[in-house]
Amino acid sequence: MICSFLYQEELAIRKNDTMTSVREIKGIGEKTQKLLSKLHIESVEDLVHHYPRCYTAYPDPICLCDIHTGQRCSIYCQIASPVNMRATRRLKLCTCLAADQTGQIFLRWFNMPYLRTSLKQGESYIFTGTPVFKDGRIMLEQPEINTPDKYRKLTRTFQPVYPLTAGLSNKTLQKAMAAAFDIYQAEEFLPDNIRDYYDLIDEHKALYEVHFPSEEMSLKEAKKRIIFDEFFRFFSALELVKEREHQALNHYVISLDEHVKGFIGRLPYELTGAQKRALYDIRGDLAGTMAMNRLIQGDVGSGKTVVAMAAMLAAVKSGYQAAMMAPTEVLASQHYETFTRMFREEGVRVGLLMGSMKAGEKREIRTGLESGEIDILVGTHAMIQESVHYRNLALVVTDEQHRFGVKQRDALLKKGKDPHVLVMSATPIPRTLGIILYRDLDVSIMDEVPASRLPIKNSVVTQKSRRAAWNFIRAEVAKGHQAYVICPMIEESETLDVENVTRYSQMLAQNLPPEIRVEALNGKMSPDEKNDIMDRFGRGQIQVLVSTTVVEVGIDVPNATVMLIENAERFGLAQLHQLRGRVGRGKDQSYCIFISGSDQKEAMERLMIVGRSNDGFYIAGEDLKMRGPGEFFGTRQSGTMNFALGDIYSNADILKAASEAVDQLKESGYNFMQLHQYSLDEDLNFAKNL
Ligand code: ADP
Ligand code: MG
């Protein structure tokens, strides 16, 4: 069914053949090449697509009497002393005094010994930098030096600020970029009529302008074109995916009517309207002429699991096997328990397969699968290993699908012969965007949570209220409930991350009565440790679970009624919403406390969005409004998908345009392949990896 990876090797060869190495660029030697390679820049093409993170403008020079420490500025000064050089064992320091009519300032550079001869006493330059107070005086360290002439030119432009790596300076990269454009010519791939219609500038011009903007307006146009390109490539990759994965015929006609009625009737609750609609869609797919290829996009807690279970049950009752893959062992174990419990009466045999299981246990499961003794397999990516064979797999389900790479999902599909596919995701993308983005899948949206559930009560507070929050946890635990506390990762360092959670849980334990059991869970623990802790939390042996975001996906412990999120301002709104979704699953009132580490108005306002609503679709929409297209010159904060410049929310209009353009070109027989010939695999991967 899927052949996208067959092309990998062939492409690798072609890529080497046709790409121009960065070494061809004037001024780039082996050293710079190595540094660029760390940024995954190997070819000239890679380099010109390495976009600035943001831009700085050169300010008009000010007088020395007006400078402030910590504020970047430019000063127009005369060198007022000889340039001194002092060498220590590790450093070469050049220093001098500079002055204007209003004062003097000390300048200092590291490891630029040539300045001793190139800077002349009595000459005037414009120095740009951030004044600091050091060694008892105000100084400029490592200021940029420009002649008045050169500076005049600079002030009229935006200066690109690039993502860098240690040892590679912005200036070096800027120079390399300029030299690259001496030998690089981008090829236009959009027909004129499309460019005219969507008001897009020429490809080469856009690339050049994004690195060397001549003015604000042209930078805007350049970005528009590049963002359009990103989305266009994305949609055209989806088209290729569709072409390649020609929709399979339905080899497994399965009826939902006969088999799942009893199961649904025995559930302790009534299905929601959204669940019924999703099941209705699935019912049509499974009985149709083509194999199912459906995404269930449902907010956290909307009850996706039971919908998938009904489909799996129908497959089993029709004589086939079904499989469900989850992104974490914790979640897979939990699904396994739910399935075993709820399918007992149906006589369905469920198996669990995870990487951390013993070799013997795994072997037993594999034998059971092959012989058909196991009807439903639940597991992690361990279930896609080569040695796993099914007897007759007819339905594959991936839970929290955005957590998987496309290779993993493809591998699961290959375990059967064109099986039905059901993917489930809780990414709350506004409906209008969802329809555009998921063009290659049939989508059922579940935008309704069970009515029996009490809405979660939210509170957004600053750290001053931490003690009150802890007391609240104590009171809830006294009622027999449980609580989660989430600490964010600190600067992405895993060791700090672990310490943070451990330290926090110790602190919390000291502040709660000794009979309350507090435990810490972090991503660094072994799967066994994690499973054990989650298991004990699930059984109520642990009352308070302090954790990193590893609990974010899918976990269902209905007795937990408090979610406390520390430094909530560091999380994205969608992630906060996911975290909150861990509570409010049982019959009791649940609470979510967002503690903000910053009392700034903006941070608080952002948190108020999740504070005031429990509706994921509303939150996604507000997030969109809040970020808006205004953030043009700032760094982009992406929620779900990572385009280099584009943002599906704030650039929704360009997204729509690109989608339309792909449709139009498809009709006229445009060759989408030309866009992806060097990176087909990556592109397809990305396109499917929503
Ligand atoms: P998600 O969509 O986030 O995966 P789950 O499938 O884990 O949600 O369901 C969350 C909880 O809601 C589970 O405890 C499940 O038993 C319960 N649930 C599912 N459907 C309903 C319903 N219609 N009414 C009441 N509770 C339900
Ligand atoms: Mg789920």
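Described in the following lines is the structure provided in the data block. (Residues numbered from 1 in each chain as written. Chains lettered and ligands numbered in written order. Predicted model: local features only at pLDDT ≥ 70, side-chain atom pairs only at ≥ 80, totals over all residues. Heavy atoms only, no water.)

**Some words on the packing of aromatic side chains**
Then comes step 1: Following the criterion strictly, the structure yields 22 aromatic pairs and no others.
Then comes step 2: Arranged with centres 6.2 Å apart and planes meeting at 80°, the rings of Phe181 and Phe212 form a pair that is edge-to-face. Of this pair, Phe181 sits in helix α6 (residues 170–183) while Phe212 sits in the loop between α8 (203–211) and α9 (216–244), placing them 31 residues apart in sequence.
Then comes step 3: Between the aromatic rings of Phe472 and Tyr591, the centroid separation amounts to 4.8 Å while the plane-to-plane angle is 80°, which identifies the pairing as edge-to-face. With Phe472 in helix α17 (residues 466–478) and Tyr591 in strand β23 (residues 591–596), this residue pair connects regions lying 119 residues apart in the sequence.
Then comes step 4: Within the aromatic cluster, the residues linked to one another by ring pairs are Phe189, Tyr197, Tyr198, Phe228, Phe232, Tyr670 and Phe672.
Then comes step 5: Above the ring of Tyr58, the side-chain terminus of Arg72 is found at 5.4 Å from the ring centroid.
Then comes step 6: The ring of Phe106 has Arg137 lying over it, and the distance from NZ or CZ to the ring centre is 3.6 Å. (Phe/Tyr/Trp six-rings, centres within 6.5 Å; stacked < 30°, edge-to-face > 60°. Helix = DSSP H or I, 4+ residues; strand = E, 2+ residues; numbered from the N terminus. Lys NZ or Arg CZ within 6 Å of the ring centre and 35° of its normal.)

**Some details on the sheet that holds strand β15 (residues 393–398)**
Paired through backbone hydrogen bonds, the strands of a sheet run either parallel or antiparallel to each other.
Then comes step 1: The sheet built from seven strands is open, its strands ordered β13-β14-β12-β15-β16-β11-β17 with parallel pairing. Taken across any chain shown, the strands that pair with only one partner, and hence form the sheet edges, are β13 (350–353) and β17 (442–446). Direction aside, neighbouring strands of the sheet carry axes that sit 20° apart on average.
Then comes step 2: Of the strand pairs in this sheet, strand β11 (residues 293–298) and β17 are connected by five bridges, and their pairing is parallel. Within the sheet, the bridge partner assigned to Leu295 lies in β17 and is Val443.
Then comes step 3: Sheet strands touched by helix α13 (residues 329–343): β12 (321–325), β13 and β14 (376–379). Its angle to β13, the strand with the most contacts, is close to 170°. (Pairing = 2+ DSSP bridges. Axes fitted to C-alpha atoms, helices over the stretch in contact; angles between N-to-C directions. Contact = heavy atoms within 4.5 Å.)

**Concerning the packing of helix α12 (residues 304–317) against α13**
Then comes step 1: Axis separation between α12 and α13 bottoms out at 12 Å; the angle between their running directions is 55°. Between α12 and α13, the angle is such that the two are oblique. Read as a crossing pair, α12 and α13 show a hand that is right-handed. Each of Thr305, Val306, Met309, Met312 and Leu313 in α12 lies in contact with α13, whose residues at this interface are His335, Thr338, Phe339, Met342 and Phe343.
Then comes step 2: Its residues assigned to classes, the contact of α12 with α13 comprises seven nonpolar, three polar and no charged. (Parallel < 35°, antiparallel > 145°, perpendicular 65-115°, else oblique. Left-handed = near helix turned anticlockwise from the far one by under 90°. Nonpolar A, V, L, I, M, F, W, Y, C, P; charged D, E, K, R; others polar.)

**Points about the nonpolar core**
Then comes step 1: In this structure, Leu47, Phe228, Phe231, Phe232 and Phe235 are the most contacted members of the largest nonpolar core, which totals 59 residues.
Then comes step 2: Examining the composition of this core, we find that 11 residues originate from one element, α9, more than from any other.
Then comes step 3: In contact with Phe231, not counting residues within four places along its chain, are Phe643, Gly646, Asp647, Ile648, Asn651, Ile654, Leu655 and Ala658.
Then comes step 4: Core analysis: the second largest hydrophobic core is formed by 39 residues, Tyr252, Val307, Ala311 and Ala315 among them. (Core = buried A, V, L, I, M, F, W, Y, C linked by side-chain atoms within 4.5 Å. Buried < 20%, exposed > 50% of the residue type's maximum accessible area, 1.4 Å probe, protein only.)

**Comments concerning the sheet that holds β23**
Then comes step 1: In spatial order, the strands read β18-β23-β22-β19-β21-β20; together these six strands make up an open sheet with parallel pairing. Sheet topology places β18 (457–462) and β20 (518–521) at the edges, where each strand pairs with a single neighbour. Within the sheet, the average angular offset between the axes of one strand and its neighbour, ignoring direction, is 15°.
Then comes step 2: As defined by bridge partners, strand β19 (residues 482–486) adjoins strand β22 (residues 560–565) across five bridges and the pair is classed as parallel. Along β22, the bridge assignment pairs Val485 with Leu564.
Then comes step 3: Lying over the sheet, helix α20 (residues 573–580) contacts β18, β19, β22 and β23, oriented at roughly 150° with respect to β22.

**Here we look at the environment of Met563**
Then comes step 1: Mapped onto the fold, Met563 is located in strand β22.
Then comes step 2: Along the backbone, Met563 and Asn458 are 105 residues apart, and their C-alpha atoms lie at a distance of 9.5 Å.
Then comes step 3: Excluding residues that lie within four positions of it along the chain, Met563 makes contacts with Tyr484, Ile486, Leu579, Arg580, Arg582, Val583, Tyr591, Cys592 and Ile593.

**A closer look at the site of ligand 1**
Then comes step 1: Close to ligand 1 lie 17 residues, the nearest being Glu270, Gly301, Thr305, Arg453 and Asp556.
Then comes step 2: Within the side chain of Lys304, one N or O atom sits 2.9 Å away from an oxygen atom of ligand 1.
Then comes step 3: With respect to ligand 1, the side chain of Arg453 contributes an N or O atom lying 2.5 Å from an oxygen atom.
Then comes step 4: The fraction of the free accessible surface of ligand 1 (570 Å²) that becomes covered by protein chains is 87%. (Near = heavy atom within 4 Å. Polar contact = N/O pair within 3.5 Å; in protein donor to acceptor, adjacent residues only side chain to side chain. Areas by Shrake-Rupley, 256 points an atom, 1.4 Å probe, with all protein chains shown as cover.)

**Looking at α17**
Then comes step 1: Between its terminal C-alpha atoms α17 stretches 18 Å, which fits the 18 Å expected from 13 residues at 1.5 Å a residue.
Then comes step 2: What α17 keeps buried is the set Ala469, Trp470, Ile473, Glu476 and Val477. Across the axial projection of α17, the buried residues extend over an arc of 120°, all falling on one side. Turned more than 90 degrees from where α17 packs its buried face, Arg467 and Ala478 sit exposed.
Then comes step 3: Gly480 occupies a position one or two residues after α17 and carries a positive phi of about 95°. (Expected span 1.5 Å × (residues − 1). Arc of directions from axis to C-beta.)

**Considerations on the pattern of salt bridges**
Then comes step 1: In the structure shown here, the tally under the stated rule is 28 salt bridges.
Then comes step 2: Arg283 serves as the salt-bridge partner of Asp257, at 2.6 Å between the closest nitrogen and oxygen. Here Asp257 is found in helix α10 (residues 256–266), whereas its partner Arg283 is found in helix α11 (residues 273–287), with 26 residues between them in sequence.
Then comes step 3: Exposure remark for Asp257: the relative accessible area of 44% places this residue in the partly exposed category.
Then comes step 4: Salt-bridge contacts for Glu566 lead to Arg466; the nearest nitrogen and oxygen are separated by 2.8 Å. One end of the pair, Glu566, is in the loop between β22 and α20; the other, Arg466, is in helix α17, with 100 residues separating them in the sequence. (Salt bridge = Lys/Arg side-chain N within 4 Å of Asp/Glu carboxyl O.)

**Looking at a negative patch on the surface**
Then comes step 1: Taken together, the side chains of Asp196, Asp199, Glu215, Glu216 and Glu221 present a region of like negative charge at the surface.
Then comes step 2: Secondary-structure assignment places Glu221 in helix α9.
Then comes step 3: Glu221 sits in the partly exposed class, given a relative accessible area of 34%. (Patch = residues over 30% accessible without salt bridge, like charges linked within 9 Å, V, L, I, M, F, W, Y side chains within 5 Å. Lys, Arg positive; Asp, Glu negative; His and termini not counted. Charge placed at Lys NZ, Arg CZ, Asp CG, Glu CD.)

**So, the pairing of β11**
Then comes step 1: In terms of burial, β11 is largely enclosed, as five of its six residues are buried.
Then comes step 2: Pairing between β11 and strand β16 (residues 420–425): five bridges, direction parallel. Following the sheet pairing, Arg294 is matched in β16 by Leu422.

**Describing the pairing of β15**
Then comes step 1: Counting buried positions along β15 yields six of six residues, so the element is predominantly enclosed.
Then comes step 2: In this sheet, β15 lies alongside β12 in parallel orientation, the contact comprising five bridges. Bridge assignment links Met325 to a residue of β15, and that residue is Thr398.
Then comes step 3: Of the strand pairs in this sheet, β15 and β16 are connected by four bridges, and their pairing is parallel. Its bridge partner lying in β16, Val396 is registered against Val421.

**Side note on the environment of Arg467**
Then comes step 1: Tracing the backbone through its elements, the reader meets Arg467 in helix α17.
Then comes step 2: Taking the C-alpha atoms as reference, Arg467 lies 8.9 Å from Asn511; in sequence the two are 44 residues apart.
Then comes step 3: A polar atom in the side chain of Arg467 sits 2.9 Å from the side chain of Asn511.

**As for the state of the cysteines**
Then comes step 1: Taken as a whole and judged by the stated rule, the model has zero disulfides.
Then comes step 2: Here Cys73 is not disulfide-linked; the sulfur of Cys77 is the nearest cysteine sulfur, at 9.2 Å. (Disulfide = S-S within 2.5 Å.)

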